[in-house]
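A structural walkthrough
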Amino acid sequence: MKIARYKGKSFKDGVTTIYTSDLISMPRIFWFYFSVVCLVLLLSKATRQLIRFFPSPDAPLNNDAYWTYLPNARALLDHPWEFLTEDPASYYVAPLGYIWPALWGADPALIQLANCFLFLTCILMMWRTASQLGGIWAGILATALIVFHPDLTRHIPLVLTESIYLFGLMLLTMSVVEYALNESKPRAALRWAALGLTVTLLSRPVLQIFALAALVAGLASWTALSWLRVNTSFAHAARAIFLNRPVVVAFIAALVLPAAVVLKNGLCFGLWGIGTGSGSGLYYGVSPFKMGLEPVFSGFNYDAGVTPLTVAPETKGNPLALQSERINTRVAFDIVKNTSFLDNTSFFAQKLKAWLFYSTPEMRMSRNLRGFRTFEWLAIGLAALTILISSKRRALNRRLRLPGRPGMERQKIVVLGLLLLGVLGMSLQLTPVLYNTRYNTFFLEPWMILLASVGTAIVLQLPEKFRHLPVARRLVWLAGKALIVLMLAGMPSVLHRYSLHHESWGMDPYRPGPVAVLLDRSSMGPIHAASASSLGSDRWRLESAPATLTLPLQVVIADTLAPIQVMDGIWRLRFAVSSPEDGAINACRKATLALTNAHPKQTRYEPLPTLYLKPDSAMHTYAIDGNGEMRPAGSGALSITFHCPPGTIVTWAGAELLKSTLPEAAHALIHQNRAIDPYLRRDPR
């Protein structure tokens with residue numbers, strides 16, 4: 001086989017472009033067949049995963065499909081004009097939420113199959129985009145990351161809008177990259193980009209703020225440069241790439257259909273937006289006791305329909321109704337308004353961390369998500385450092401060199417920077433709204449995967465004239481890159497295990513939102529213990545690990561605690577933990593709760609009833625959900641099991657069971673203009 005170096009050359013087959021300037025010297029045809037084989041293998045793996053997750057014919061539909069998407073699609077098929085102009089259900093979700101199912105006759109099996117084909121197309125677009133930005137290795141890695149993502153694939157063969165959104169986002173991203181890295185600036189790429197943006201806005205309109213901001217900024221910059229007649233090299237480059245008539249026209253074309261939907265909703269229903277749902281998102285996203293995350297993460301229920309029903313019975317408990325949207329939005333803003341600056345800062349910082357790294361509960365629900373995201377940020381950080389070092393060398397008359405399409409380094413830096421700004425901007429935009437795994441995966445992962453794969457290719461690319469370097473320098477380079485590979489492979493797992501053992505999570509016991517007392521000290525008997533001895537004055541010494549303190553509960557009328565009467569309960573407990581010696585503090589970090597005579601589970605998943613202790617001898621108040629198996633069905637006992645070394649001292653202060661009265665507080669806010677107080681400043685009594 002003849003060995004050759006093809007600097008800056010490429011091999012095209014109409015779909016795939018193989019850039020060889022950053023590859024080990026081999027004939028181009030070898031890399032073409034190698035890339036094709038890798039792509040086929042990854043598509044085959046993706047297909048097997050889709051088959052694995054594809055629902056059986058008798059499987060129940062997900063709630064969104066059963067209650068919203070399919071009924072709306074059938075209504076659109078039966079009487080399209082009346083549905084779009086007279087039925088409020090037409091604005092409950094973005095239009096593609098029911099138009100896409102309607103295209104397949106509202107048949108769940110056909111919709112699920114179509115979503116699978118959309119995903120396979122997204123894999124091809126991910127391959128193409130990453131290869132353009134970072135070469136063949138970036139393409140392989142990006143495709144592998146999207147195929148082997150620990151959570152993404154299982155959502156694809158469902159009747160949801162995420163597959164449509166992912167398709168639009170990948171089409172938009174691929175087309176923008178194609179346009180930016182092509183010197184001829186093809187108009188076709190702009191047309192495809194406009195289509196992709198339209199699809200995202202009509203399926204999941206999370207990019208609407210970005211799109212409007214980009215359009216306004218582009219028009220302002222274009223006008224300023226033209227009016228001021230700026231002729232610098234930067235101005236010429238900006239006009240050539242983004243600030244020109246075709247780009248502005250493409251942006252406007254992408255917004256025509258979304259604007260038409262907004263106009264239709266405004267004229268027909270008084271809603272000047274693409275759809276409702278943001279009110280519920282804000283309501284859950286700022287909830288003090290749900291901590292802004294998916295309610296099931298913390299053991300609570302979904303009450304975005306209960307609050308509007310309490311305030312305005314005519315909403316019939318529909319959280320997507322326009323009046324419900326306004327009620328939930330006002331409640332959310334009032335909670336934030338009446339929360340202190342420091343508490344808001346701490347709360348939203350935790351939310352932002354969840355968007356950037358996945359949340360703490362997800363480390364126990366899906367153990368690979370945190371490690372996956374950590375790998376992505378490590379790769380991005382190392383790539384940024386590599387580019388910074390290369391830029392310093394460039395100041396010494398050394399050319400900045402990046403993998404992928406040759407001669408486009410500046411354009412690649414711009415595109416990668418925009419993708420990173422997109423990830424950070426999206427995370428900030430989503431911080432106030434409901435957090436869940438599916439949103440994080442589909443809204444952030446596509447761009448994160450691109451950045452991580454291209455970043456890895458940047459870090460590991462061969463230096464120029466590698467074959468001509470002395471053997472010692474080549475060995476040093478290979479050893480350094482081997483260490484980087486080991487770090488990228490091993491560090492995420494190490495950091496994940498550390499976080500799993502040291503990262504705690506729980507609601508603020510003094511900011512549970514409006515509450516009322518269900519059980520207090522008058523309903524509780526004296527504590528008795530197992531593997532612990534009394535020291536008097538409610539002090540107990542733990543004699544072995546584990547040791548349990550048991551609190552008897554006297555419930556007079558059990559029906560008052562039933563889930564049908566109380567949607568969300570909250571336990572608050574107050575006690576102090578003193579470790580026997582300084583070195584044992586880290587050995588006393590958790591206590592588990594259990595309840596005798598409890599109600600059964602309400603959902604398939606309930607978090608472990610675990611308290612994360614502060615063994616510093618000071619009194620602390622802890623809070624945890626009082627739902628499901630933590631809700632008394634009658635008289636019984638609450639047990640607290642401490643996993644602490646012998647000799648630990650526990651000083652008991654009290655406990656209480658509360659119920660959330662947020663719907664009643666919302667009623668007082670709307671009808672009496674009484675502000676919602678999210679605080680409960682006293683200790684358990």
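Small disclaimer: the values here were computed from a predicted structure and weren't measured.

**Section: the overall build of the chain**
- Looking only at helices and strands, the chain has 20 helices and 13 strands in total.
- By principal-axis analysis of the C-alpha atoms, the chain measures approximately 85 × 70 × 55 Å.
- Contacts spanning at least 24 positions in sequence make up 77% of the contacts within the chain whose residues lie at least 6 apart.
- Of the accessible surface of the chain, which amounts to about 31,300 Å², a share of 63% is contributed by carbon and sulfur atoms.
- Treating the 64 positive side-chain charges of the chain as one cloud and the 41 negative ones as another, the clouds have centres 15 Å apart.

**Some points on empty space enclosed by the protein**
- Scanning the model with the defined rule gives five cavities of 30 Å³ or more in all.
- The computed volume of the largest cavity comes to approximately 60 Å³.
- If you go around the largest cavity, the residues you meet are V296, G299, F300, N301, Q602, T603, Y605, E606, D625, N627 and G628.

**Let's talk about the side chain of E325**
- By the secondary structure assignment, E325 is in helix α13 (residues 322-337).
- Buried and without a salt bridge, E325 has R326 as its closest oppositely charged side chain, separated by 8.5 Å.
- Those residues in contact with E325 that sit more than four places away from it in its chain are T276, G277, S278, G279, S280 and P319.

**A closer look at the pattern of salt bridges**
- According to the stated counting rule, one finds 15 salt bridges in the structure shown.
- Via salt bridges that share partners, E162, R204 and R438 belong to a single interconnected network.

**What to know about the environment of T360**
- Take T360: it is sitting in the loop between α14 (341-357) and α15 (362-365).
- Given the relative accessible area of 7%, T360 is considered buried.
- Placed 143 residues apart in sequence, T360 and E503 show a C-alpha to C-alpha distance of 7.1 Å.
- Other than its neighbours up to four places away in sequence, T360 contacts R370, E503, S504 and W505.

**Some remarks on the nonpolar core**
- Counting residues in hydrophobic clusters, the biggest one holds 98 residues, and the most contacted among them are F119, L207, V331 and M426.
- Beyond its immediate chain neighbours, meaning those up to four positions away, L207 contacts Y165, L169, L172, L197, T200, L201, M426 and W447.
- Membership of the second largest hydrophobic core comes to 33 residues, among which are A547, W571, V577 and I624.

**Structural notes on a nonpolar patch on the surface**
- Taken together, the side chains of I99, L103, W104 and L110 make up a nonpolar region of the molecular surface, amounting to roughly 360 Å² of accessible area.
- Its location among the elements puts L103 in helix α4 (residues 96-103).
- Since its relative accessible area comes to 59%, L103 is described here as exposed.

**Notes on the packing of helix α1 (residues 28-53) against helix α5 (residues 108-147)**
- Running from N to C, α1 and α5 point in directions that differ by 145°, and their axes come no closer than 10 Å. Considering how the two elements wind past one another, α1 and α5 form a crossing that is right-handed. Contacts between α1 and α5 involve W31, F34, S35, C38, L39, L42, L43, K45, A46, T47, Q49 and L50 on the former and, on the latter, C116, F119, L120, I123, L124, W127, I136, W137, I140, T143, A144 and V147.
- Grouping the constituent residues of the contact of α1 with α5 by class yields 19 nonpolar, four polar and one charged.

**Regarding unusual backbone geometry**
- The omega torsion across A545 and P546 is 5°, close enough to zero to call that bond cis.
- Mapped onto the fold, P546 is located in the loop between β6 (539-542) and β7 (547-553).
- Unlike most non-glycine residues, D538 shows phi in positive territory, near 60°.
- You can call D538 partly exposed: its relative accessible area is 42%.
- Backbone geometry places N597, a non-glycine residue, at a positive phi of 55°.
- Topologically, N597 is positioned in the loop between β9 (590-595) and β10 (610-612).

**Some remarks on the packing of aromatic side chains**
- Tallied over the entire structure, the rule returns 17 aromatic pairs.
- Look at Y66 and W67: their rings are 4.9 Å apart centre to centre, the planes differ by 85°, and that puts the pair in the edge-to-face class.
- Residue W67 is classed as exposed on the basis of its relative accessible area, which comes to 62%.
- Taking the centre distance of 6.4 Å and the plane angle of 45° together, the rings of F357 and W377 count as tilted. Here F357, found in helix α14, pairs with W377, found in helix α16 (residues 369-395); they are 20 residues apart in sequence, far enough to count as distant.
- Given the relative accessible area of 31%, F357 is considered partly exposed.
- Taken together, the ring pairs in this structure connect F575, Y622, F642 and W652 into an aromatic cluster.

**Notes on the sheet that holds β10**
- Ordered by their spatial adjacency, five strands build an open sheet running β4-β7-β12-β9-β10, and the pairing between neighbours is antiparallel. Looking at strand neighbours, the two that pair on one side only are β4 (528-530) and β10, the edges of this open sheet. Strand after strand, the sheet turns through a mean of 25° between neighbouring axes, direction not considered.

**Here we look at the state of the cysteines**
- The tally for this structure, following the rule as stated, stands at one disulfide.
- Each sulfur of the disulfide joining C588 and C644 lies 2.0 Å from the other. Judged by the sign of its S-S torsion, about 60°, the bond between C588 and C644 is right-handed. You can see C588 sitting in the loop between β8 (569-578) and β9 and its partner C644 sitting in the loop between β12 (636-642) and β13 (649-660), a full 56 residues away along the chain. For the pair C588 and C644, a shared accessibility class is recorded, and that class is buried.

**A word on the confidence of the model for the chain**
- Of the residues in the chain, 90% reach a pLDDT of 70 or more, and the chain-wide mean stands at 89.
- Below pLDDT 50 for its whole length, residues 1-23 participates in 64 contacts with residues either more than four positions away or in separate chains.

**Looking at the pairing of β9**
- Of the two faces of β9, only the one carrying A591, L593 and L595 is buried; K590, T592 and A594 on the other face are not.
- In the sheet, β9 pairs with β12 via five bridges, with the strands oriented antiparallel. Pairing of L595 across the sheet is with L638, part of β12.

**Some points on helix α2 (residues 63-78)**
- With 16 residues, α2 ought to run about 22 Å at 1.5 Å a step, and its terminal C-alpha atoms sit 22 Å apart, in line with that.
- Along α2, the sharpest change in direction is near 30° and occurs at Y69; proline P71 comes one to four residues later.
- Regarding α2, the residues found buried are A65, T68, Y69, L70, N72, A73, A75 and L76.
- Contacts from the buried residues of α2 go to α3 (80-86), α4 and α5.

Thresholds applied
Position numbers for residues count from 1 along each chain, tracking the sequence in the order it is written. The predicted origin of the model limits local features to residues at a pLDDT of at least 70 and limits the giving and counting of side-chain atom pairs to 80 or more, whereas totals for whole chains, interfaces and linings rest on all residues. Just so you know, side-chain values use all the structure's heavy atoms and leave hydrogens and water out. A run of DSSP states H or I qualifies as a helix once it reaches four residues; a run of E qualifies as a strand once it reaches two. Both are numbered from the N-terminal end. The contact definition used throughout considers only heavy atoms, calling two residues in contact when any of these lie within 4.5 Å. Computed by Shrake-Rupley with a 1.4 Å probe, the accessible areas treat only the displayed protein chains as cover when residues are assessed. Under the counting rule used here, the positive set is Lys and Arg, the negative set is Asp and Glu, and His together with the chain ends is not counted. By convention, the point assigned to a charge is CZ for Arg, NZ for Lys, CD for Glu and CG for Asp. Note on definitions: the grid is 1 Å and covers protein atoms alone; a cavity is a set of points where a 1.4 Å probe fits but cannot get out; a pocket is an open set with protein on both sides within 12 Å along at least five of seven lines; lining residues have an atom within 4 Å of a point. Grid points are joined across faces, edges and corners, and a volume is the space filled by probe spheres set on the points. The rule is simple: take the accessible area with a 1.4 Å probe, protein chains only, and divide by the maximum for that residue type; under 20% is buried, over 50% is exposed, in between is partly exposed. For this document, the term salt bridge refers to a Lys or Arg side-chain nitrogen within 4 Å of an Asp or Glu carboxyl oxygen. Nonpolar cores are built from buried Ala, Val, Leu, Ile, Met, Phe, Trp, Tyr and Cys residues. Side-chain atoms within 4.5 Å join them into one set. Exposure above 30% relative accessible area and no salt bridge define the residues that can form patches, which grow by joining like charges within 9 Å and nonpolar side chains of Val, Leu, Ile, Met, Phe, Trp and Tyr within 5 Å. Axis angles are defined between N-to-C directions and span 0 to 180 degrees, where every axis is a line fitted to C-alpha atoms and, for a helix, only to the segment in contact. Each crossing is labelled by how the near helix is turned from the far one, with a counterclockwise turn of less than a right angle marking it left-handed and a clockwise turn marking it right-handed. Asp, Glu, Lys and Arg are counted as charged, while Ala, Val, Leu, Ile, Met, Phe, Trp, Tyr, Cys and Pro are counted as nonpolar; the rest, among them Gly, fall into the polar class. Geometry of aromatic contacts follows a simple scheme: Phe, Tyr and Trp rings, the Trp one being its six-membered ring, pair when their centres are within 6.5 Å, and the pair is stacked under 30 degrees between planes, edge-to-face over 60, tilted otherwise. Pairing between two strands is assigned when DSSP locates at least 2 bridges connecting them. Two cysteine sulfurs form a disulfide in these notes if their separation is within 2.5 Å. Along the chain, pLDDT gives the predictor's confidence residue by residue, from 0 to 100. Each helix should span, by expectation, one fewer than its residue count multiplied by 1.5 Å. At every residue, the bend is computed as the angle between two fitted axes, covering the seven residues ending there and the seven beginning there respectively.

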